[in-house]
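Structural description and commentary
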Amino acid sequence: MKILILGATGRTGKHIIEEAIKRGHKISAIARNPEKLKDFKIDITQGTPYDYETVEGAIIGCGAVINTLNVSRKSDNPWASLAAPKDMISKSVSNALKAMEKVGITRFVTLGAIGAGRSWKTTPVILKFIVSISNLKFAFLDHGKQEEILENSNMDYTICRAPMLSDKINNTGAVATAESEKPASTVLSRNSAAEFFLKIIENNEHIRESVSLSNKPANKTGRI
């Protein structure tokens, strides 16, 4: 299968490219700077998913879309200034759904955030406070808009709400829990997210569902 990745140059996106190639899939990616993806043998469309025509061109021949976009900041500091439009996620997702309808595909998997959308109600008070007074709020708001757009569409979506994302490799895999249940842990490795996204696309799992995604918690000895 050929898969369009939105956010391919990001830290999670690159894990998805590597895992997809390992599984025998082909990749279509959108990149403002294609040089960032020079190490991968994939189809690259120069531009941004914020532009509909770019998405329309990149989606040709694809059977599914994976989105890892965020309203990025200039650093990981919660108060850092934004490096992307406040509606980067929701507008790009709207563009993708429009393009998907045109070419006749329905499978869409997205990386969301625990605390966005309905999950805000069960978010710890301290996190709510930090989000509300920092520039994190723009990402959480736009993740929530993304959820509304997908839930009101006719697409076979899966929303994977993540806690804190980790660059550390985890080989135990991701655990999905229903949005009404407590996540298995407070961290999700990017490589585990990539593996999970591709697995549920291949197996047609969690169709039109929102799940919390995390790694298995470590036991008292520090082992998984």
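Summarised in this report is the structure supplied together with it. (Residues numbered from 1 in each chain as written. Predicted model: local features only at pLDDT ≥ 70, side-chain atom pairs only at ≥ 80, totals over all residues. Heavy atoms only, no water.)

All told, the structure shown has zero aromatic pairs when counted by the stated rule. Above the ring of Tyr50, the side-chain terminus of Lys91 is found at 4.3 Å from the ring centroid. Between the NZ or CZ atom of Lys98 and the centre of the ring of Tyr52, over which it lies, the distance is 4.4 Å. (Phe/Tyr/Trp six-rings, centres within 6.5 Å; stacked < 30°, edge-to-face > 60°. Lys NZ or Arg CZ within 6 Å of the ring centre and 35° of its normal.)

Quick look at the sheet that holds strand β3 (residues 43–46) now. Two pairing modes exist for strands in a sheet, parallel and antiparallel, and in both the strands are linked by backbone hydrogen bonds. Taken together, eight strands build an open sheet; the order of strands is β3-β2-β1-β4-β5-β6-β10-β8 and the sheet is mixed. Every other strand in the sheet has two partners, leaving β3 and β8 (174–178) as the edge strands with one partner each. Taking each pair of neighbouring strands and ignoring which way they run, the sheet shows an average axis angle of 25°. Two strands pair when backbone bridges link them, and strand β5 (residues 107–113) and strand β6 (residues 156–162) are joined in this way by seven bridges, in the parallel orientation. Bridging across to β6, Arg107 finds its partner in Asp156. Taken strand by strand, helix α1 (residues 11–22) contacts β1 (2–6), β2 (26–31), β4 (64–67) and β5, and its axis lies near 170° from that of β1. (Pairing = 2+ DSSP bridges. Helix = DSSP H or I, 4+ residues; strand = E, 2+ residues; numbered from the N terminus. Axes fitted to C-alpha atoms, helices over the stretch in contact; angles between N-to-C directions. Contact = heavy atoms within 4.5 Å.)

Now for the nonpolar core. Formed by 28 residues in total, the largest nonpolar core has its most connected members in Ile17, Ile27, Leu37, Ile66, Cys160 and Phe197. When residues of this core are traced back to their parent elements, those giving at least two are β1, α1, β2, β4, β5, β6, α6 (190–203) and β10 (209–215). Here the element with the most residues in this core is α6; it accounts for seven residues. Apart from the residues within four sequence positions on either side, Cys160 is in contact with Val109, Thr110, Leu111, Gly112, Phe196, Phe197, Ile200, Val211 and Leu213. In this structure, Ile59, Ile105, Ala139 and Met155 belong to the second largest nonpolar core, which totals 27 residues. (Core = buried A, V, L, I, M, F, W, Y, C linked by side-chain atoms within 4.5 Å. Buried < 20%, exposed > 50% of the residue type's maximum accessible area, 1.4 Å probe, protein only.)

With that out of the way, let us pick up the pairing of β1. Of all five residues that make up β1, five are buried, and the element is covered over most of its length. Neither face of β1 is left uncovered, since the one carrying Lys2, Leu4 and Leu6 and the one carrying Ile3 and Ile5 both have all their residues buried. What joins β1 to β2 is α1, and the crossover it makes is right-handed. Pairing of β1 with β4, which is carried by four bridges, proceeds in the parallel orientation. Bridging from a neighbouring strand, Leu6 pairs with Asn67 of β4. (Right-handed = clockwise from strand over helix to strand, strands pointing away.)

The next thing to look at is the state of the cysteines. Considering all chains together, one arrives at zero disulfides under this definition. The cysteine Cys62 is free of any disulfide, with Cys160 supplying the nearest cysteine sulfur at 19 Å. When its relative accessible area of 7% is taken as the criterion, Cys62 is described as buried. (Disulfide = S-S within 2.5 Å.)

Moving on, we come to the packing of helix α4 (residues 125–133) against helix α5 (residues 136–151). Where α4 meets α5, the axes come as close as 6 Å, and the angle between the chain directions of the two elements is 105°. Comparing the axis directions of α4 and α5 gives the class roughly perpendicular. Two secondary-structure elements touch here, α4 through Ile130, Val131 and Ser132 and α5 through Leu136, Lys137 and Phe140. Per-class residue counts for the contact of α4 with α5 are four nonpolar, one polar and one charged. (Parallel < 35°, antiparallel > 145°, perpendicular 65-115°, else oblique. Nonpolar A, V, L, I, M, F, W, Y, C, P; charged D, E, K, R; others polar.)

What follows deals with α6. Because an α-helix packs 3.6 residues into every turn, residues spaced three or four apart end up facing the same way. Here α6 contains 14 residues, and its C-alpha end-to-end distance of 20 Å stays within 8% of the 20 Å for a straight helix at 1.5 Å per residue. Burial analysis of α6 places ten of its 14 residues in the buried class, the great majority of the element. Among the residues of α6, Arg190, Asn191, Ser192, Ala193, Ala194, Phe196, Phe197, Leu198, Ile200 and Ile201 are the ones counted as buried. Directly after α6, the chain includes Asn204, whose backbone phi takes a positive value near 55°. (Expected span 1.5 Å × (residues − 1).)

Our focus in this paragraph is the environment of Glu56. Take Glu56: it is sitting in helix α2 (residues 52–58). Sequence separation of Glu56 and Ala99 is 43 residues, and the distance between their C-alpha atoms is 5.3 Å. Other than its neighbours up to four places away in sequence, Glu56 contacts Ala99 and Lys102.

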